Amino acid sequence: MAVTSMSTVQLGSALTVPLFGQLGASGTAGLRLGWAGVLLLVLVRPRRRDFSRQDLVACGVLGAATAGMMLFFMLALSRLPLGTASALEFLGPLAVSLYGPGRGRTVWTAAAAIGVVLLTEPWRGALDPLGVAFALAAAACWAAYILLTQRVGDRVTGLKGLAVSMPVAGVLGMLIAAPALSTRVTWPALWVMLALAALSPVLPFVLEFLALRRLTTSAFGTLMSLEPAIAMLVGLFVLGQEPGLASATGVVFVVVAGIGATRTGARPTATPAATAPHGTRTPVQEAS
């Protein structure tokens, strides 16, 4: 599920590139978030009684982290090369993967870090201070997104938590993107963005939401190191961007790290009598 999620994210990003000239980076991100929030709200239809006050607060914070993750990265791309911005943003899940215990975790994290550096080659680009700040903000939002997604997924059954957090992200994204969209958006662009929103972020966020019920956040954070490799393959087949030797070597490192993270990253099983807060069933009980 995590690998499929990353693949759809990168495919959606590649298909969105032609719209940057018309809508701008923030406008494109805002529309995708807005449509994603509408789709999940309509499809899942969460009810107020399914949430405690603490759950709603967690969903709101998750929505803010989701919006920040996408918007900050788009702003970073307007000032930094893609490789540099990607390497800086990956510091978020890398920090999450380091949070886990055990020496083996450190080995997979180190392999992932080497692979990401080789893939993105950050030394090739000149660093803009504001661009670096945007990329680091995106990294912080990505780390918060991973941690909060698991928390919400454990406390709220099904996809109801995601159906609350995504509309929050959509509202925030549209508010920020409104100035860029006011004179640029057209009806054809709206319908294209609706289709792209279904491909990404709706599908990948649903898959990540479910995957984080089965993996530790540390393993998930390391597994995200596969995303630059997937991005390279999408760039090759969709955009015609051929990788160099360093990028190909980086793929090997991140794939090895991803396999290692998956083999050691299953979440501990709960006892049959254990229940989640507020009487909801635990992921283990739901699976059984």
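Since the model is a prediction, treat every value here as computed from it, not as a measurement.

A.B. asks: I would appreciate a short explanation of the packing of helix H1 (residues 2-16) against helix H9 (residues 187-211) in the present structure.
C.D. replies: Helix-helix packing is characterised by the crossing angle of the two axes and by the distance between the axes. Axis separation between H1 and H9 bottoms out at 8 Å; the angle between their running directions is 160°. By the angle between their axes, H1 is roughly antiparallel relative to H9. Handedness of the H1/H9 crossing: left-handed. Here H1 contributes Ala-2, Thr-4, Ser-5, Thr-8, Val-9, Leu-11, Gly-12, Leu-15 and Thr-16 to the contact with H9, which in turn contributes Leu-196, Leu-199, Ser-200, Leu-203, Pro-204, Leu-207, Glu-208 and Ala-211. Of the residues in the contact of H1 with H9, the class split is 10 nonpolar, 6 polar and 1 charged.

A.B. asks: Hey, could you run me through the packing of aromatic side chains in this one?
C.D. replies: What characterises a pair of aromatic rings is the spacing of the ring centres plus the angle enclosed by the ring planes. Taken as a whole and assessed by the stated rule, the structure comprises 4 aromatic pairs. Clustering of aromatic rings is evident, with ring pairs tying together Trp-35, Trp-187 and Trp-191.

A.B. asks: Sorry, what's going on with the side chain of Ser-200 here?
C.D. replies: Looking at the element boundaries, Ser-200 is found in helix H9. Look at Ser-200 and you get buried, because its relative accessible area is 2%. Within the structure, the side chain of Ser-200 is placed 2.9 Å from the side chain of Arg-32, a separation counted as a polar contact. Residues contacting Ser-200, with those up to four places away along its chain left out, are Thr-8, Val-9, Gly-12 and Arg-32.

A.B. asks: Hey, could you run me through a nonpolar patch on the surface in this one?
C.D. replies: A cluster of nonpolar residues, Leu-11, Leu-15, Val-17, Leu-233, Phe-237, Val-238 and Leu-239, forms a patch on the protein surface that exposes about 620 Å² of accessible area. Secondary structure elements with two or more residues in the nonpolar patch: H1 and helix H11 (226-238). With respect to the helices and strands, Val-238 occurs in helix H11. In this structure Val-238 comes out as partly exposed when scored by relative accessible area, which is 40%.

A.B. asks: How should I be thinking about the pattern of salt bridges in this particular structure?
C.D. replies: Between side chains of opposite charge, a pair can form as their charged atoms come close. According to the stated counting rule, one finds 3 salt bridges in the structure shown. Two residues, Asp-50 and Arg-47, come together in a salt bridge whose shortest N-O distance is 3.5 Å. Between Arg-155 and Asp-55 there is a salt bridge whose closest N-O contact spans 2.6 Å. Remark: Asp-55 occurs in helix H3 (residues 53-77) and Arg-155 occurs in helix H7 (residues 129-155); sequence separation between them is 100 residues. Across this residue pair, the class does not change: Arg-155 and Asp-55 are buried. Via salt bridges that share partners, Arg-47, Asp-50 and Lys-160 belong to a single interconnected network.

Calculation notes
Residues numbered from 1 in each chain as written. Predicted model: local features only at pLDDT ≥ 70, side-chain atom pairs only at ≥ 80, totals over all residues. Heavy atoms only, no water. Axes fitted to C-alpha atoms, helices over the stretch in contact; angles between N-to-C directions. Helix = DSSP H or I, 4+ residues; strand = E, 2+ residues; numbered from the N terminus. Parallel < 35°, antiparallel > 145°, perpendicular 65-115°, else oblique. Left-handed = near helix turned anticlockwise from the far one by under 90°. Contact = heavy atoms within 4.5 Å. Nonpolar A, V, L, I, M, F, W, Y, C, P; charged D, E, K, R; others polar. Phe/Tyr/Trp six-rings, centres within 6.5 Å; stacked < 30°, edge-to-face > 60°. Buried < 20%, exposed > 50% of the residue type's maximum accessible area, 1.4 Å probe, protein only. Polar contact = N/O pair within 3.5 Å; in protein donor to acceptor, adjacent residues only side chain to side chain. Patch = residues over 30% accessible without salt bridge, like charges linked within 9 Å, V, L, I, M, F, W, Y side chains within 5 Å. Areas by Shrake-Rupley, 256 points an atom, 1.4 Å probe, with all protein chains shown as cover. Salt bridge = Lys/Arg side-chain N within 4 Å of Asp/Glu carboxyl O.

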